[in-house]
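Examining the three-dimensional arrangement
This is what each chain is made of:
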Amino acid sequence: MSKVRVRYAPSPTGLLHIGNARSALFNYLFARHFGGDFIVRIEDTDTARNVAGGEASQLDNLRWLGLDWNESPDKGGPYGPYRQLERLDIYKKYAEELLEKGYAYKEYRENSSKYAIRFKVPQDVEYSFKDIVRGELKFQSKDVEDWVMMKDNGIPTYNFAVVIDDHLMEITHVLRGEEHITNTPKQIMVYQAFGWQTPEFGHMTIIVNEQKKKLSKRDKNVIQFISEYKAMGYLPEAMFNFISLLGWSPAENQEILSHDDIIKSFDPNRLSKAPAMFDKDKLAYINSKYIKMLSAEKLAESARPFLEKEGIHIPSESWLLLLVGILQDRMTHIGEIVSLYRAFFHDEFHLSDEAYQFLVENNASHILEAFHKHLEQSNFTSESIEPLIKQTGLDTNTKGKTLFMSLRIATTGDMHGPSLPISLALLGRDLVLKRLSETIEKLRGEA
Ligand code: GLU
């Protein structure tokens, strides 16, 4: 087999969508697994749909996901240029060759010397190819009408340009979305007209939402652009892992795989024919797994901008490390730090009936008073708070749930939660003492 060369060929018509990202990723995996080249080519011939910044969004987000490539418009390479609009002379030359050889004809515009070029579809030919995903596929030429390959403005259509480029760029395998299956016979016709060898084709299954409907960019229930996940604090490694499972699965069926594991175990024979479901819970689960694997320092660094953006005051780096430490296991994405922080600190301090009842039944006011007295002397590090809890127990002859839950309720408002000394250190002196006093007052009022 000649050296594997695959490409991702986006049209720069918008932001990087989850479906595009999947196409890019599978081509990348294919190239890296087989030691081949991965090329990014920009298919910008649909000029009306191109958007400013579309190309940059594609490349930046792919880079963020952890992909790299051998050739591209920004990197260059021996087969450039890599933007189709910069290759118009090349398409013109090949279109003329097809005209000369009678495989195509001109179609003049009314009262004009301008013309489009149509490919003349041969009669009674069967086009078949062995799709990497779907096996043998067959098409009849009678079902395809003569199609425009060059528009009258000199710009080629997708089906023509893609063949010229894939051939000249020595692409060996074309992995792309299922929506391109019906384009494939048109492309094979062009290969045959030139006497060129076709690459192998593989058409990846569609991605569906949880209602089994094809994911549409307008579907508001599913976040679909990579930049949005990035902004919410999804980790690129987790996204890479999740996307790799959209229509592919490793032989051992494990769900959490590193970048290199995925490259190693990638097997095009395991690309699925069945639609891939975009399972939000699975994404959240995978992302939470990756968040758990982060060091506290790394998590703190990633969480900081989310807190700062909300105007949440971060007194010190050590405070932030404590905070992310207790919330790490609860986050499905890092942006969630904000709501978790708020739930934890909930500015208005309100005790549920159940929590308040617990204090009453356990006659907690003397415990709270003792604790308040000790805490006043404390410097409020978690290490210094820990023995004060013990001391409070000794002073009041309480222990276990009565001691711990009473203190927790009166300071955090919650009946359960992360480590109490750490929680109190995070809440800080003013808030903790204020809450304790308020609760003591309330219980006194009751008595
Ligand atoms: N520009 C096409 C698209 O974005 C590429 C299709 C192909 O890979 O041939 O769908």
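Coordinates for the structure precede this section.
Conventions adopted
- Residues numbered from 1 in each chain as written.
- Predicted model: local features only at pLDDT ≥ 70, side-chain atom pairs only at ≥ 80, totals over all residues.
- Heavy atoms only, no water.
- Pairing = 2+ DSSP bridges.
- Helix = DSSP H or I, 4+ residues; strand = E, 2+ residues; numbered from the N terminus.
- Axes fitted to C-alpha atoms, helices over the stretch in contact; angles between N-to-C directions.
- Buried < 20%, exposed > 50% of the residue type's maximum accessible area, 1.4 Å probe, protein only.
- Polar contact = N/O pair within 3.5 Å; in protein donor to acceptor, adjacent residues only side chain to side chain.
- Contact = heavy atoms within 4.5 Å.
- Near = heavy atom within 4 Å.
- Areas by Shrake-Rupley, 256 points an atom, 1.4 Å probe, with all protein chains shown as cover.
- Nonpolar A, V, L, I, M, F, W, Y, C, P; charged D, E, K, R; others polar.
- Core = buried A, V, L, I, M, F, W, Y, C linked by side-chain atoms within 4.5 Å.
- Parallel < 35°, antiparallel > 145°, perpendicular 65-115°, else oblique.
- Left-handed = near helix turned anticlockwise from the far one by under 90°.
- Phe/Tyr/Trp six-rings, centres within 6.5 Å; stacked < 30°, edge-to-face > 60°.
- Lys NZ or Arg CZ within 6 Å of the ring centre and 35° of its normal.

With that settled, consider the sheet that holds strand β3 (residues 104–108). With respect to topology, three strands assemble into an open sheet ordered β3-β4-β7, the strand pairing being antiparallel. Each end of this open sheet is capped by a strand with a single partner; those strands are β3 and β7 (147–150). Neighbour-to-neighbour, the strand axes of this sheet turn through a mean angle of 45°, independent of strand direction. The pairing of β3 with strand β4 (residues 115–119) spans five bridges and is antiparallel. Across the sheet, residue K106 finds its bridge partner in β4, namely I117.

Time to look at the side chain of T411. Examined against the element boundaries, T411 turns out to sit in helix α16 (residues 400–412). The class for T411 is buried, based on a relative accessible area of 0%. A polar atom in the side chain of T411 sits 2.6 Å from the backbone oxygen of L407. Sequence-distant contacts of T411, that is, excluding residues within four places in its chain, are made with F349, L420, L424, L427, V432, R435 and L436.

Taken together, R7, A9, S11, E43, Y158, V162, R176 and H180 form the complete shell of residues around the ligand. Contacts to the ligand include E43, whose side-chain N or O atom sits 2.7 Å from a nitrogen atom. A distance of 2.7 Å separates an oxygen atom of the ligand from a polar atom in the side chain of H180. A total of 300 Å² of accessible area belongs to the ligand in isolation, and the protein chains cover 82% of it. Residue classes in the shell around the ligand are distributed as three nonpolar, two polar and three charged.

Buried residues dominate helix α17 (residues 420–427), accounting for seven of its eight residues. Among all positions in α17, only L420, P421, S423, L424, A425, L426 and L427 are buried. Contact partners of the buried residues in α17: α11 (317–327), α12 (337–345), α14 (365–376), α15 (382–396), α16 and α18 (429–446). Two or three places before I422, at the opening of α17, S419 has a side-chain oxygen 3.3 Å from that residue's backbone nitrogen. Among the residues trailing α17, G428 stands out with phi positive, at a value near 90°.

A separate point is helix α4 (residues 158–168). Of all the eleven residues making up α4, eight are buried; the element is thus mostly covered by neighbouring parts of the structure. For α4, the complete set of buried residues consists of N159, F160, A161, V162, V163, I164, D165 and D166. Looking at the buried residues of α4, the elements they touch are β1 (5–8), α3 (88–100), β7, β8 (173–177) and α5 (184–194). Two residues or fewer after α4 comes E170, characterised by a positive phi angle close to 55°.

Moving on: the nonpolar core. In this structure, L67, F278, L323 and I337 are the most contacted members of the largest nonpolar core, which totals 105 residues. Each residue touching I337, except ones within four places of it in the same chain, is listed here: A303, F306, L307, L323, V324, L327 and M331. With 36 residues, the next largest nonpolar core counts I39, M149, V163 and I188 among its residues.

Between α14 and α18, whose axes approach to 10 Å, the crossing angle comes to 155°. Between α14 and α18, the crossing angle belongs to the class labelled roughly antiparallel. Relative to α18, α14 is oriented so that their crossing is left-handed. Of α18, the residues touching α14 (which contributes S365, L368, E369, F371, H372, L375 and E376) are R429, V432, L433, L436, S437, T439, I440, L443 and R444.

This part covers the side chain of H17. Position of H17 relative to the elements: it lies in the loop between β1 and α1 (18–33). Those residues in contact with H17 that lie beyond four places of it in its chain are K217, Q224, F225 and I226.

Moving on to the packing of aromatic side chains. Applying the stated rule across the entire model yields 18 aromatic pairs. Judged by centre distance (5.9 Å) and plane angle (75°), the rings of Y28 and F38 are edge-to-face. Taken together, the residues Y28 in helix α1 and F38 in strand β2 (residues 37–40) connect sequence positions ten residues apart. On the basis of relative accessible area, F38 is assigned to the buried category, the value being 0%. The ring centre of Y356 lies 4.2 Å from the NZ or CZ of K442, which sits over that ring.

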